[in-house]
Amino acid sequence: MTHAQAEARILELREILRENNRRYYVDNAPTMSDREFDMLMHELEALETEFPDLLTPDSPTQRVGSDLETGGAGVNAEAAIRNDFVQRPHRYPMLSLGNTYSIEEVEAFARRADKALETGFTYCCELKFDGTAICLTYRNGRLFRALTRGDGTVGDDVTENVRHIANIPQQLHGDYPAEFEIRGEILMPYQAFDALNREREENEESPFANPRNAASGSLKLIDPEEVGHRGLWCTLYHIPAESLRFETHDAALRAAQGWGLPVSDERRVCRDIDEIRAYIDYWDVQRKYLPFATDGIVIKINESACQTALGYTAKSPRWAVAYKFKAEQALTRLVSIDYQVGRTGAVTPVANLDPVQLSGTVVKRATLNNADQMGILDVRIGDFVYVEKGGEIIPKITSVELAARTADTVAPEFPSVCPDCGTPLVREEDEAKWFCPNRDGCPTQIKGRILHFVSRRAMNVLAGQATIDQLYALGFVRTPADLYDLSKYQLMSLEGWQERAAERFLGSLDASRQVPFERVLFALGIRYVGESTAKEIARHFRDVDAIAAATQEQLLEVADVGEVIARSVYDYFRVPAHLDEVARLRAHGLQMCVEQEASALSEALKGQTIVISGNYSISRDAMKELIVRHGGKPSGSVSARTSFLLAGSKPGPEKLKKCEQLGIPVLSEEAFRALLPDVPDVPEPETEPEEEQQLTLF
Ligand code: IVH
């Protein structure tokens, strides 16, 4: 691979990984399985090792994912979620674990530890609980604070919500230390998860993809009482610092159990790799009978002195490693295939299956992705197929059990016309999918666009598939703007709708007028414009007219926007019907510009486009806000229009190079601050008592 090819692939991988990190940690709606994610991360790590000059401090390989709710963004898989939690620093960073997928990799971990350590040691093997990480602080035996992992350095303060989780004690007993932190996982047991999703479907709310997302969404609910009704459950597995006063990790956890804390009894102290292997083999099977989700085993060096000797890398401890289970598979019969038309017209084959139990839930449908994939799998109706759960709610078919194929199986035929409106399907070059080109006449596409518009992550209007189907069938709506013309009496004519339901619906439409512009932009359903791209575009141009007037070249200046997205946005605003729709939505009072952010501090940076790169004394988001509040415009990439590059510590080498080529000044944080009038930028963080701050890592 050439340097240029590596650079292109590295940039691509970072974009994919960042987007997925956001979906996983912030939206609780991942679109990729953990395994796929880890594979891409490994590929990126390997490329960065081979081409070290391309490694930048902001690479996803250098930081842990972040679950921080970034006020205002509000795109989340849960309607009643708070995005304004107080954020507090972690006393010790919350790190992640290195992943392994084979016993050989675990052996390599054991060998590394053996080589580095001078004394004998043991391992403590535990289940890897698949929930959302939590950090609890107990002060004088009382639960004092609960923080989410956040970005590893700063977490959301969810203390009030955590107080409603039944198995987390408010008060400890025994000889607990005066103050200590303990970390673990918040889980949603399968039973509670199924009940929650059933309820959501009844209310026409989209279900959570898996118990982990449900747990992390529930933890961030606005109403602490509601958190208590979600059936969440906690298990604790790590006491930073304090556990070092015990000889072993196992002894520290035993002590914590003695103080009344919920610690899993499934852990085992193992003396060698054979015992570790036996533990893995046992739980690889037995985990299917656990009432909650696990995705692997964590192997920790048990002796505290050995942990200290091994220490940490920037991302994870050297004294522990995770072994990830292979995704569970189930074998079942493929009964038939539906061809589903999406809101963009893309046709997806979805298999109907004989219901089968898989990772705690019953699976009846699985995706086959596209025509090519069907061909590669060589799947036939009546075949026995293996299904696997990825990150998405619909599992996928991964292979066919050819040995079980019978003569009466039938090769499926991919349709040549739209199953909904009969228009001949088309397939463009470079596209994996067949499309129905009848954008404005195909009912499924029209309804799909409206459904996307009302969805929780877009305008969050209380309407699901059934409501949209009825509104469409009665001829009441053809575009999202029609929703805002509906009267209470029209709504009361819908089957099963009473006055109250109509009022609730109208209330949610009314509330959607406050939805921030970036989500309105996402709701428009412009092809390739996902949530984070919509956010970047909105923040860059600040209002819809500026976006509609932008050239493709100007669109390319937005961070994350490449040729394909720029063309798609440009084309969208060249269609008169779209401009008309936007005008109607504006007339209905929807937000069409970025809300004035916190009051301006000065006009010191007026007219300046500033590219930021590297790390600063404050977070990057705070830095962006600081620029905006002084009248400047933060931007993601260096171009001829850039006024200057604000280089923090370790700025990206590509950006520096480009500045040099274009003759753009590079300012240090200090030089930059000298441009600003003397006003405080961010509120002072709440300081902890002095002695606490002096404690160092581990
Ligand atoms: S120990 C310093 N033990 O997995 C490392 N983590 O991928 C402390 N997890 O962030 C973590 N079960 O959220 C540890 N028995 C276990 C775990 C566990 C699940 C999660 C945890 C961590 C992530 C790393």
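Reading the values: rules and limits
Residue indices follow the written sequence of each chain, beginning from 1 at its first position. Local features in a predicted model are, by the rule used here, given only for residues with pLDDT of at least 70; side-chain atom pairs are given and counted only at 80 or more, and totals for whole chains, interfaces and linings are based on all residues. For side-chain calculations, the full set of non-hydrogen atoms in the structure is used, while hydrogens and water are omitted. Secondary structure counts use DSSP, requiring at least four H or I residues in a row for a helix and at least two E residues in a row for a strand, with both numbered from the N terminus. This radius of gyration counts C-alpha atoms alone. The globule rule is 2.2 Å times how many residues there are, raised to the power 0.38. Summary of the burial criterion: residues with accessible area below 20% of their type's maximum are buried, those above 50% are exposed, and those between are partly exposed, where the area comes from a 1.4 Å probe applied to protein chains only. Any two residues whose heavy atoms approach within 4.5 Å at even a single point are treated as in contact. Shrake-Rupley sampling with a 1.4 Å probe provides the accessible areas, and residues are treated as covered by the protein chains on show and by no other component. Whether two strands pair comes down to DSSP finding at least two bridges between them. Simply put, an axis is a line fit to the C-alpha atoms, just over the touching stretch for a helix, and the angle between two N-to-C directions goes from 0 to 180 degrees. Ring pairs shown here join Phe, Tyr and Trp side chains whose ring centres sit within 6.5 Å, with only the six-membered ring taken for Trp; geometry is labelled stacked below 30 degrees between planes, edge-to-face above 60, and tilted in between. Two limits define a charge over a ring: the Lys NZ or Arg CZ must be within 6 Å of the ring centre, and within 35 degrees of the ring normal. Multiplying 1.5 Å by the residue count of a helix minus one yields the expected span of that helix. By definition, the arc is the one covered by directions from the helix axis to the C-beta atoms. Working definition: residue near molecule or strand if any one of its non-hydrogen atoms lies within 4 Å of it. The handedness rule is simple: strands pointing away from the viewer, and a clockwise path from the first strand over the helix to the second, make the crossover right-handed. What counts as a salt bridge is simple: a side-chain nitrogen of Lys or Arg found within 4 Å of a carboxyl oxygen of Asp or Glu.

**Focus on the overall build of the protein**
Next up, step 1: Of the regular secondary structure elements, the protein holds 26 helices and 21 strands.
Next up, step 2: Scaling as 2.2 N^0.38, a compact globule of 698 residues should have a C-alpha radius of gyration of about 26 Å, and the protein matches this with 27 Å.
Next up, step 3: Its C-alpha atoms give the protein principal-axis dimensions of about 75 × 75 × 60 Å.
Next up, step 4: Across the 698 residues of the protein, 50% fall into the buried class.
Next up, step 5: Sequence separation of at least 24 residues holds for 69% of the intrachain contacts in the protein that already meet a minimum separation of 6.
Next up, step 6: Accessible surface computed for the protein: about 32400 Å², of which carbon and sulfur atoms make up 51%.

**Quick notes on the sheet that holds strand S20 (residues 644-647)**
Next up, step 1: Read across the open sheet, the four strands follow the order S19-S18-S20-S21; overall the sheet is parallel. The open sheet has two free edges, formed respectively by strand S19 (633-635) and strand S21 (666-668), since each of these has just one partner strand. Taking the axes of each pair of neighbouring strands and ignoring which way they run, one obtains an average angle of 35° across the sheet.
Next up, step 2: Pairing analysis gives three bridges linking S20 to S21, with the strands arranged parallel. In the strand pairing of S21, Leu 645 is matched with Val 666.

**Observations concerning the packing of aromatic side chains**
Next up, step 1: Applying the stated criterion across every chain yields a total of 16 aromatic pairs.
Next up, step 2: Aromatic pair Trp 497 and Phe 505: ring centres 5.7 Å apart, planes at 75°, arrangement edge-to-face.
Next up, step 3: Residue classification places Phe 505 among the buried residues on the basis of a relative accessible area of 1%.
Next up, step 4: The rings of Phe 129, Trp 233, Tyr 237 and Phe 292 are connected pair by pair, giving a single aromatic cluster.
Next up, step 5: The cationic tip of Arg 139 hangs over the ring face of Phe 144; the distance from NZ or CZ to the ring centre is 3.9 Å.
Next up, step 6: The aromatic ring of Tyr 570 is capped on one face by Arg 574, whose charged end is 4.0 Å from the ring centroid.

**Things to note about helix H9 (residues 273-286)**
Next up, step 1: In this model H9 runs 20 Å from its N-terminal to its C-terminal C-alpha over 14 residues, within 8% of the 20 Å that 1.5 Å per residue would give.
Next up, step 2: Along H9, the positions that sit buried rather than exposed are Ile 276, Tyr 279, Ile 280 and Trp 283. One face of H9 carries all of its buried residues, which in axial projection span an arc of 100°.
Next up, step 3: Buried residues belonging to H9 abut helix H3 (103-116), strand S3 (123-129), strand S9 (268-270), strand S10 (294-301) and strand S11 (320-324).

**Let's talk about the environment of Val 410**
Next up, step 1: The topology assignment puts Val 410 in the loop between strand S16 (396-400) and strand S17 (434-435).
Next up, step 2: Expressed as a C-alpha distance, the spacing of Val 410 and Gln 286, which sit 124 residues apart in the sequence, is 37 Å.
Next up, step 3: If we ignore the near neighbours within four places in the chain, the residues touching Val 410 are Arg 380 and Ile 381.

**Digging into the site of the ligand**
Next up, step 1: Surveying the vicinity of the ligand reveals 14 residues, the closest of which are Glu 126, Leu 127, Phe 129, Glu 185 and Tyr 237.
Next up, step 2: Out of a free accessible area of 530 Å², the ligand has 91% covered by protein chains.
Next up, step 3: Secondary structure elements with two or more residues in the shell around the ligand: S3, strand S8 (233-238) and S10.
Next up, step 4: In terms of residues, the shell around the ligand owes the most to one element, S3, which gives four residues.

**Notes on the pairing of S20**
Next up, step 1: Burial along S20 is two-sided: the residues Phe 644 and Leu 646 and Leu 645 and Ala 647 are all buried.
Next up, step 2: Following the chain from S20 across helix H24 (residues 653-662) to the adjacent parallel S21, one finds a crossover that is right-handed.

**A few points about unusual backbone geometry**
Next up, step 1: Backbone geometry at Asn 140 places phi at a positive 50°, although glycine is not the residue there.
Next up, step 2: In this structure, Asn 140 sits in the loop between strand S4 (132-139) and strand S5 (142-148).

**Digging into the environment of Leu 483**
Next up, step 1: Within the element layout of this structure, Leu 483 appears in helix H14 (residues 480-483).
Next up, step 2: Sequence-wise, Leu 483 and Leu 509 are 26 residues apart; in three dimensions their C-alpha atoms are separated by 8.0 Å.
Next up, step 3: Other than its neighbours up to four places away in sequence, Leu 483 contacts Ile 450, Phe 453, Val 454, Leu 471, Val 477, Phe 505 and Leu 509.

**A few points about the pattern of salt bridges**
Next up, step 1: Within the structure shown, the criterion is met by 42 salt bridges.
Next up, step 2: Residue Arg 277 pairs with Glu 107 through a salt bridge whose shortest N-O separation is 3.0 Å. With Arg 277 in helix H9 and Glu 107 in helix H3, this pair connects stretches of sequence that are 170 residues apart.
Next up, step 3: Taking the relative accessible area as the measure of exposure, Arg 277 reaches 29% and is therefore partly exposed.
Next up, step 4: Salt-bridge contacts for Arg 457 lead to Glu 531; the nearest nitrogen and oxygen are separated by 2.8 Å. One end of the pair, Arg 457, is in the loop between helix H12 (443-454) and helix H13 (465-473); the other, Glu 531, is in helix H18 (residues 531-541), and 74 residues separate them in sequence.

**Notes on the sheet that holds S11**
Next up, step 1: If you walk across this open sheet you meet the five strands as S2-S11-S10-S3-S9, and the pairing is mixed. The open sheet terminates on both sides in strands that have one partner only, identified here as strand S2 (99-100) and S9.
Next up, step 2: Strand direction decides the pairing type here: S2 and S11, joined by two bridges, are parallel. Among the inter-strand pairings, Thr 100 is bridged to a residue of S11, identified as Tyr 323.

The values are spatial; any link to function lies outside them.
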